[in-house]
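Structure assessment
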Amino acid sequence: MKKLIFTFIFISSIIFAKDIYVGDTVKLQVSGIPEERIVESFKNSNLELEKIEKDRDGYVLSIRGFEVGKSTVTLGDKRIVLEIKSSLDEKDKEIYPHLSDNSDTQLYSGRFPYTFVLAIISGILSTLYLLKNFKFRRKESHISPEAKFENIVANLSDDSWDFDLSMGIREYIDSKYQSHFTNGIYSIVGVLTPEDIDTIYNLDNYKFSNNNEDLKERFVEQILEIFNKVRRDTTDV
């Protein structure tokens, strides 16, 4: 089993300080773990994975936290714990100190209308945000697995084409056959042949090898053949 290696790099306005505050970016250098497992790990964490950058030693992760306290993420067999502090002091937190003054019990005090207006504006903005997010999710949910894969192929980059192509075909096969290719369990299902399995397996090996030979065109052609064959399959699973 490959050994995981983590290197922490702090990037913020307090780069030389030891404390990590809400919204600060923390960079980790990770090796020995696939990209898809990294992405999956952050789905169950209260830390946000902002960006993944591939380098020759593995990956550089940019992460941020927005919850005060300990935030954790498990990568492989390593558990990363970040102690996140609030950038506000007690004085800053007391935005509306007059609200704690129980001596003023009149409903319409001199300051109350301002708070009321702010509450309405905040409610309207929150409602608009939720509606916008709901519409985006509905639009996203209507994208077919075929369209999603074709979009991935059409936007392959020279830096991460092998990772994107591998994840794309495995997700599509799983959507078609309810299999577990994205989890690394390759089995002959539907119209797939042993040669198809070998092609996907060889693509995965190429991702993590130091092979400098440019095989992008060949792999794209082979994976598209698999995709078109699976798409034409009308067998019920």
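Refer to the preceding data block for the structure.
These notes cover the structure that comes with them. As the structure is a computational prediction, the values presented were derived from the model and not from experiment.

Definitions and limits used
Residues numbered from 1 in each chain as written. Predicted model: local features only at pLDDT ≥ 70, side-chain atom pairs only at ≥ 80, totals over all residues. Heavy atoms only, no water. Patch = residues over 30% accessible without salt bridge, like charges linked within 9 Å, V, L, I, M, F, W, Y side chains within 5 Å. Areas by Shrake-Rupley, 256 points an atom, 1.4 Å probe, with all protein chains shown as cover. Salt bridge = Lys/Arg side-chain N within 4 Å of Asp/Glu carboxyl O. Buried < 20%, exposed > 50% of the residue type's maximum accessible area, 1.4 Å probe, protein only. Helix = DSSP H or I, 4+ residues; strand = E, 2+ residues; numbered from the N terminus. Contact = heavy atoms within 4.5 Å. Expected span 1.5 Å × (residues − 1). Arc of directions from axis to C-beta. 1 Å grid on protein atoms, 1.4 Å probe; cavity = no way out; pocket = protein on both sides within 12 Å on 5 of 7 lines; lining within 4 Å. Points joined across faces, edges and corners; volume = space filled by probe spheres on them. Nonpolar A, V, L, I, M, F, W, Y, C, P; charged D, E, K, R; others polar. Pairing = 2+ DSSP bridges.

Description of a nonpolar patch on the surface
Taken together, Ile120, Ile121, Ile124, Leu125, Leu128 and Leu131 make up a surface patch of nonpolar side chains, about 560 Å² in accessible area. Exposure remark for Leu125: the relative accessible area of 53% places this residue in the exposed category.

Observations concerning the side chain of Ser62
Structurally, Ser62 can be placed in strand S5 (residues 58-65). Looking at Ser62, the relative accessible area reads 3%, which means it is buried. If we skip the residues at most four places from it in the chain, Ser62 touches Thr25, Val26, Lys27, Glu48, Leu49, Glu50 and Lys51.

A short note on helix H7 (residues 216-232)
Spanning 17 residues, H7 covers 24 Å between terminal C-alpha atoms, matching the ideal 24 Å at 1.5 Å per step. Within H7 the residues assigned to the buried category are Phe219, Val220, Ile223, Ile226, Phe227 and Val230. Projection of H7 onto a plane perpendicular to its axis shows the buried side chains occupying an angular sector of 130°, all on one side. Those residues of H7 that are exposed and angled more than 90 degrees off the buried face are Glu217, Glu221, Glu225 and Arg232. Check the buried side of H7 and you find it contacts helix H4 (145-154), helix H5 (161-177) and helix H6 (194-207).

Digging into the layout of surface pockets
Once rolled over the atoms, a probe with the size of a water molecule shows which space is left empty. Considering only enclosed or pocket space, the largest pocket measures out at about 730 Å³ in volume. If you go around the largest pocket, you meet 26 residues; those closest to its centre are Glu35, Glu36, Arg37, Met167 and Arg170. For the lining of the largest pocket, the secondary-structure elements that each account for two or more residues are helix H1 (35-43), H4, H5 and H6. Partitioned by chemical class, the residues of the lining of the largest pocket number nine nonpolar, six polar and 11 charged. For the second largest pocket, the calculated volume is near 600 Å³. Around the second largest pocket sit 25 residues that line it, and Lys54, Lys207, Phe208, Ser209 and Asn210 are the ones nearest its centre.

Quick word on the sheet that holds strand S2 (residues 20-21)
Taken in spatial order, the three strands of this open sheet run S2-S7-S6, and their pairing is mixed. The sheet is open, and its two borders are formed by S2 and strand S6 (69-75), each paired with just one other strand. In this sheet, strand S7 (residues 78-85) lies alongside S6 in antiparallel orientation, the contact comprising seven bridges. Note that in S7 the partner of Ser71 across the bridge is Leu82.

Points about the pattern of salt bridges
Close approach of charged atoms lets side chains of opposite charge pair. Applying the stated criterion across every chain, the model contains 13 salt bridges. Between Lys54 and Asp162 there is a salt bridge, and its shortest N-O distance comes to 3.9 Å. A residue pair is termed long-range when its members are at least 10 positions apart, and Lys54 in strand S4 (residues 47-55) and Asp162 in helix H5 qualify at 108 residues. The salt bridge partner of Lys216 is Asp158, with a shortest N-O separation of 3.2 Å. With Lys216 in helix H7 and Asp158 in the loop between H4 and H5, this pair connects stretches of sequence that are 58 residues apart. Owing to a relative accessible area of 64%, Asp158 belongs among the exposed residues under this scheme. Here the salt bridges do not stand alone but share partners, grouping Glu36, Arg170, Asp204 and Lys207 into one network.

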